[in-house]
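Results of the structural survey
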Amino acid sequence: MYCLSLLNQKGGTGKTSSVVSLADIWEQSGYDVLTIDMDPQASLSLWVHDRSDSCTDLLLGKGDAVDTVVGTEWGFDLVPSSRSLSNLEGNRDGGAPNRLERLLRLGEEVYDICLIDPPPSTGFLVSLSVTASDEVVSPVQTGQGAIDGLVDTRHLLDTLGGTLGGLFACRVDERTVNDREMPGILKENFPDYALDTYIRETVSVKEAEAEGTPPPTYAPGATAIEDYKSLASELEPKIEELSP
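Residues numbered from 1 in each chain as written. Predicted model: local features only at pLDDT ≥ 70, side-chain atom pairs only at ≥ 80, totals over all residues. Heavy atoms only, no water.

Overview of the overall build of the protein
Inclusion rule: Helix and strand assignments follow DSSP, with helices taken as H or I runs no shorter than four residues and strands as E runs no shorter than two, numbered in order from the N terminus. Only C-alpha atoms enter the radius of gyration, while the globule expectation follows 2.2 Å times N to the 0.38, with N the number of residues. We call a residue buried when its accessible area falls under 20% of the maximum for its residue type, exposed when it is over 50%, and partly exposed in between, using a 1.4 Å probe and counting protein chains only. Areas reported as accessible are Shrake-Rupley estimates using a 1.4 Å probe. Residue values count occlusion only from the protein chains shown.
Along its length, the protein carries 11 helices and seven strands. Radius of gyration (C-alpha) of the protein: 17 Å, near the 18 Å computed for a compact globule of 244 residues. By its C-alpha atoms, the protein is 50 × 35 × 35 Å across when sized along the principal axes. In the protein, which comprises 244 residues, the proportion classed as buried is 53%. Counting every atom, the protein has about 10400 Å² of accessible surface; 43% of that belongs to carbon and sulfur.

A closer look at helix α5 (residues 96-107)
Operational definition: Every helix has an expected span of 1.5 Å times one less than the residues it contains. The arc in question is traced by the directions running from the helix axis to the C-beta atoms. It only takes one pair of heavy atoms within 4.5 Å for two residues to be counted as in contact.
Taking 1.5 Å as the rise per residue, α5 with 12 residues should run 16 Å; its terminal C-alpha atoms sit 17 Å apart, in good agreement. Ala96, Leu100, Leu103, Leu104 and Gly107 are the residues of α5 that are buried. Buried residues in α5, looked at end-on, bunch into an arc of 95°, giving them a common side. On its buried face, α5 sits against β1 (2-6), β2 (33-37), α3 (54-60), β4 (77-79), β5 (113-117) and α6 (124-132).

Quick look at the sheet that holds strand β7 (residues 164-170)
Formally: Two strands pair if DSSP finds at least two bridges between them. Orientation is described by axes fitted as lines to C-alpha atoms, over the contacting stretch for helices, and by angles from 0 to 180 degrees between their N-to-C directions.
If you walk across this open sheet you meet the seven strands as β3-β4-β2-β5-β1-β6-β7, and the pairing is mixed. Bordering the open sheet on either side are β3 (70-71) and β7, each of which pairs with just one other strand. Pairing geometry for β1 and β5, over four bridges, is parallel. When the sheet's bridge partners are listed, Tyr2 is paired in β5 with Ile113. This element, helix α1 (residues 15-28), spans β1, β2, β5, β6 (135-141) and β7 of the sheet and lies at about 165° to β5.

Points about the pairing of β7
Within a regular strand, side chains alternate between the sheet's two faces. Within β7, seven of the seven residues are buried, which leaves the element mostly enclosed by the surrounding structure. By the bridge criterion, six bridges tie β6 to β7 in an arrangement that is parallel. Among the inter-strand pairings, Val137 is bridged to a residue of β7, identified as Gly166.

A word on the side chain of Asp77
Inclusion rule: The charge count includes Lys and Arg as positive and Asp and Glu as negative, but it does not include His or the ends of the chains. Take a side-chain nitrogen of Lys or Arg and a carboxyl oxygen of Asp or Glu: if they are within 4 Å of each other, that pair is a salt bridge.
Relative to the helices and strands, Asp77 resides in strand β4. Within the buried core, Asp77 has no salt-bridge partner, and the shortest N-O distance to an opposite charge, that of Arg102, equals 15 Å.

A closer look at the environment of Gly63
Position of Gly63 relative to the elements: it lies in the loop between α3 and β3. Expressed as a C-alpha distance, the spacing of Gly63 and Ser45, which sit 18 residues apart in the sequence, is 20 Å.

Some words on the pairing of β1
Across the five residues that make up β1, a large majority, five, are buried. Neither face of β1 is open: one carries Tyr2, Leu4 and Leu6, the other Cys3 and Ser5, and all of them are buried.

Here we look at the pattern of salt bridges
Close approach of charged atoms allows side chains of opposite charge to pair. For the structure shown, the criterion picks out eight salt bridges. In this structure, Glu226 and Arg200 form a salt bridge, with 3.5 Å as the shortest nitrogen-oxygen distance. Of the two residues, Glu226 sits in helix α11 (residues 223-242) while Arg200 sits in the loop between α8 (177-189) and α9 (203-211), which places them 26 residues apart along the sequence. What you see here is one network of salt bridges that share partners, running through Lys15, Asp39 and Asp117.

Some thoughts on the packing of α5 against α6
Cut-off, in case you're wondering: Should an angle fall under 35 degrees it is taken as roughly parallel, and over 145 as roughly antiparallel, whereas 65 to 115 is taken as roughly perpendicular and any remaining angle as oblique. Note on convention: the crossing is left-handed when the near helix lies turned anticlockwise from the far helix by less than a right angle, right-handed when the turn is clockwise. Three residue categories are used. Nonpolar comprises Ala, Val, Leu, Ile, Met, Phe, Trp, Tyr, Cys and Pro, charged comprises Asp, Glu, Lys and Arg, and polar comprises the others, including Gly.
For the pair α5 and α6, interaxial distance at closest approach is 10 Å and the crossing angle is 40°. With respect to their mutual orientation, α5 and α6 come out oblique. Considering the relative orientation of α5 and α6, their crossing is right-handed. Between α5, through Ala96, Pro97, Leu100 and Leu104, and α6, the contact on the second element is made entirely by Phe124, Leu128 and Ala132. For the contact of α5 with α6, the per-class residue count stands at seven nonpolar, no polar and no charged.

Here's the deal with the nonpolar core
Put simply, the test is: Only buried residues count toward a nonpolar core. Its members are Ala, Val, Leu, Ile, Met, Phe, Trp, Tyr and Cys residues joined through side-chain atoms within 4.5 Å.
In this structure, Trp26, Val33, Val48, Leu115, Phe168, Leu231 and Leu235 are the most contacted members of the largest nonpolar core, which totals 32 residues. For this core, the elements supplying multiple residues, two or more each, are β1, α1, α2 (43-48), β5, β7, α9 and α11. Leave out the neighbours within four places in its chain, and Leu115 touches Leu4, Leu6, Val19, Leu22, Ala23, Trp26, Val33, Leu34, Thr35 and Ile36. Formed by 23 residues, the second largest nonpolar core is a distinct cluster that contains Leu59, Val79, Leu100 and Leu128.

Listed below in structure tokens is the structure:
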């Protein structure tokens, strides 16, 4: 099973929309996909299911790990979260990493891919997400401070022993010069990590969230969905390498 966290310490980078889109595309391609919402804001959970304390219960060891997983209307599964998850930032339960790892070990029998959506921070929940993942891929929103945010993210991964598997520009508005230049800037500054794909900004993604539908299902012909399909294809060799 290929376990991937989508992480950037800056908010608003398109992290959750990327998780939802990749999960939907890979599910439609025949892969079995598990998503884990590790963000107390629970944006992923609200988008495709509903908030619940399932992720909190998983990390605290309440009940059976597999009972925290719910199915979604879109085929992929989810461990939903809620604001209760923020209480773990202070508790830093020492058993939480083992409980998450146990779920992932069980998941190896069922899933090809696990996508984790951590919060845009540097706390305990991010640490759990990074250490549980085979790799971290970072969506980068264009604009001032984007490179500084990536430097901070790389430093965090070095501290935690995480692996940066790639980064890509997200929410690129091709009408503006700065946005059009961002993919090239990433390749110039991070040649070993910048992916070929970048995600164009489109209103369809926001509309899909408002409708509670994954963007690839809501607007399969949208420019951003074409881009997410390219991103999924670019990452697919990792799935084939690590899936059973």
